[in-house]
Amino acid sequence: MTAVYEAQARCEDIWETLLDSMLRIRYFENEVKALFGSGLVRGSTHLCQGQEATVVGACSRLRPGDMMASTYRGHGAVLATGASPTAAFAEILGRDPGLCGGKGGSMHFTDLTHGAIGSNAIVGAHLPIAVGAAFGAQHLKSGAVSLAFTGDGSTNIGAFHEALNLAGIWKLPVVIVIENNHYGEYSPLAATTPISALVDRAKSYGIRGEVVDGNDVLAVRNVVGEAFDRARDGNGPTLIEADTYRFEGHSRSDPGKYRPPGELESWLARDPIERFADLLKEREIAGTEIVEAHRQQVGAEIAAALQAAKAAPEPQPERLYEDVIG
Amino acid sequence: MIRELTYREAIASAIGDELEADPRTVFFGEDVGAAGGAFKSTVGLLERFGGERVRDTPISEQAIVGAAIGAAIAGLRPIAEIMFADFVGVCFDQIVNQLAKYRYMTAGQVRLPVTLRMANGAGAGFGAQHSQAAENWLINVPGLYLATPATAEDTYRILRTAVQCDDPVVVFEHKNLFGLKGTIDSTAPVLPVGKADVVRSGEHVTVVATQQMRHRAVEAAEELAAEGIHIEVIDPRWLTPFDDAAVVASLQKTSRLLVVQEGPAPGGWAGALVARLCAHHFELFDAPPRLLTSPFTPVPYSGVLEDAWLPSAPDVADCCRELLKY
Ligand SMILES: Cc1ncc(C[n+]2csc(CCOP(=O)(O)OP(=O)(O)O)c2C)c(N)n1
Ligand SMILES: [Mg+2]
């Protein structure tokens, strides 16, 4: 780790943002679970609980003008860019002031004002798009970077490979973070993927690869910060494999029966929020009481956001025909 | 400026004029730069605009379309080439699920000024995987404009309209028409999206045909004129949106309709047009509307078989004579 990132790992200036952001995602998704249980969420929804450190650490490096593309498991990534939880709840509830006017839903959170250029429900399809966004930034010399999150399972789809190859040959300012939660739907990684180090795939595209503990928010923040610096300096893309775990099933209909006994518990013991709280205490940055105050405050924020979203109007039927073309 | 150009040269000319007009416009695809295109339809652009704006890509159709989408999100106005329209098969997701739906799913946060060009159609002996008229694959996808220019003039003007359009346009360039000559006026006003061309007027039968079939319809018109039969030939030029009004206006004179389509009938624009007209303008018909299409087989290689596969000018003439028996 370079000196500058070691210094930033001290995190005195940023810990509150990181902590609040992870708490916001966790509490937001607690409510989504409850909404789903009471039949208020249409279709399905994919929770990222347990993976908060990866999206929060990475998005903490975004600057205005940067772009972030995510997957259907994208609540966390989009909230981590600073998108409004009220608009996010409203989107899930299909309401007019939702992030996408109720036309997207849980899988398609998009908030251009915060650089969240889209959450995609076609596995891997956002990667060529993220690479294209990086090409746009490079061409316009805007200094922006493009960040994409993607699943471990998506490293087996063609779009992933085409995207990495193009990023490599054009040396684009794109950083792709694999959220390796060890399962693609119900299939363990080993059943679908003949290598266990997904980062090795970077090599064949002439791209730098990094591995990081995806449940360590500061570690992610550091590795992504370095990757962004390289990208902004014209030194091309980075593929980062973040080791993490989803606490919930693949989607809300999945009880996760395929997980071996003890596995979930071992990951719950590495809960990224609790680890960060422990670190704050250990380094005497914030004690239990201060962290508790943050929990209360973010909890209240989320409760209010949900309240506001529930009171929001449904879209007018004419909206059906808007924003198709022309 | 007014110049005599071939259909093929009109393509390079339109792209060049658009690159000249707007620095945000970029052009990329496989072998489009150094090689000047697989059909030599982009010769000279790399030399004129340089490798930043005219780029050769890897053989990665998903990445080509995805990169165009991402670059558009980042603020560019990309023109992307898919060498043969048949290759839509390998990037169907990027076109149908990404390019076409992005604006809608994000409730208009994102608009995609992307022009996608591809060489279309049969008649040149390229065999089953390089000869398809692929426009019908995209005909029921909301969110895309589809253009099928038949002449050098229309190709030039439609391409310029496409690049200036703020929504995605797919332009099918018919590879059997690349040698056609025309008079290109680079100062002509922009052609509106969705405007048909009444190529030849007549009062007996309305014949609607695109690209190669339009030229065969005109050939048939000459043959029929000798018999005192005057057909009206309408080239819709755009399949989405379709200029129904132009056809209705013609039917008011002729009361007889023949729609000629290169490619099999099922699920095509020709059948859809007939269905709409029957539903809304049944009173205009004095004879059952006719469809003349290719048979429901792949495109064969042998010249004899391929000729039999494509509707011919005599086929068009025969259909018109039959319609006049009513
Ligand atoms: C092209 C495509 N194939 C299959 C699916 C169905 N599907 C949705 S999520 C998923 C698993 C993806 O796993 P991974 O990339 O590891 O991401 P995770 O869900 O674990 O975050 C599958 C197969 C899809 N949405 N898109
Ligand atoms: Mg996974």
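Just so you know, these numbers come straight off a predicted model, no measurement behind them. (Residues numbered from 1 in each chain as written. Chains lettered and ligands numbered in written order. Predicted model: local features only at pLDDT ≥ 70, side-chain atom pairs only at ≥ 80, totals over all residues. Heavy atoms only, no water.)

Visitor: Explain the domain arrangement of chain B to me, and be specific about the residues and the numbers.
Guide: All names here are of chain B. When cut into domains, chain B gives domain 1 (2-185) and domain 2 (197-323). Computed over C-alpha atoms, the centres of domain 1 and domain 2 are 26 Å apart. At the junction of the two partners, domain 1 supplies 33 residues and domain 2 supplies 24 residues. Three residues, Asn136, Ile139 and Thr148, lead the burial of domain 1 against domain 2; their summed loss comes to 22% of the area buried on that side. Viewed at the interface, domain 2 and domain 1 are joined by two salt bridges. Between arginine 237 and aspartate 154 there is a salt bridge; the shortest N-O distance is 3.1 Å. Remark: the boundary between domain 1 and domain 2 carries 18 residue pairs in polar contact (both at pLDDT 80 or more). At four residues, the largest contribution of residues to the side of domain 1 that touches domain 2 is made by strand β7 (residues 169-174). (Domains from an automatic or database assignment. Contact = heavy atoms within 4.5 Å. Buried area = accessible area lost by both parts, 1.4 Å probe. Salt bridge = Lys/Arg side-chain N within 4 Å of Asp/Glu carboxyl O. Polar contact = N/O pair within 3.5 Å; in protein donor to acceptor, adjacent residues only side chain to side chain. Helix = DSSP H or I, 4+ residues; strand = E, 2+ residues; numbered from the N terminus.)

Visitor: Run through the sheet that holds strand β9 (residues 197-200) of chain B, naming residues and quoting values.
Guide: Strands pair in a sheet through their backbones, by hydrogen bonds, and they do so in one of two ways: parallel or antiparallel. All names here are of chain B. The strand order across the open sheet formed by five strands is β9-β11-β10-β13-β14, and the pairing between neighbours is mixed. Of all strands in the sheet, those bounded by a partner on one side alone are β9 and β14 (290-294). With strand direction ignored, the average angle separating the axes of adjacent strands in the sheet is 25°. Relative to the sheet, helix α9 (residues 269-281) contacts β10 (205-209), β13 (257-264) and β14, its axis offset from that of β13 by approximately 150°. (Pairing = 2+ DSSP bridges. Axes fitted to C-alpha atoms, helices over the stretch in contact; angles between N-to-C directions.)

Visitor: Which residues make up unusual backbone geometry, and what values do they have?
Guide: Residue and element names in this part refer to chain B. In this structure, proline 241 follows threonine 240 across a cis peptide bond, with omega equal to -5°. Position of proline 241 among the secondary structure elements: in the loop between β12 (238-240) and α8 (244-254). With a phi close to 60°, lysine 40 is a non-glycine residue in the positive phi region. When you line up the elements, lysine 40 lands in the loop between β2 (25-29) and α2 (45-49). Despite not being glycine, arginine 237 has its phi angle at roughly 65°, a positive value.

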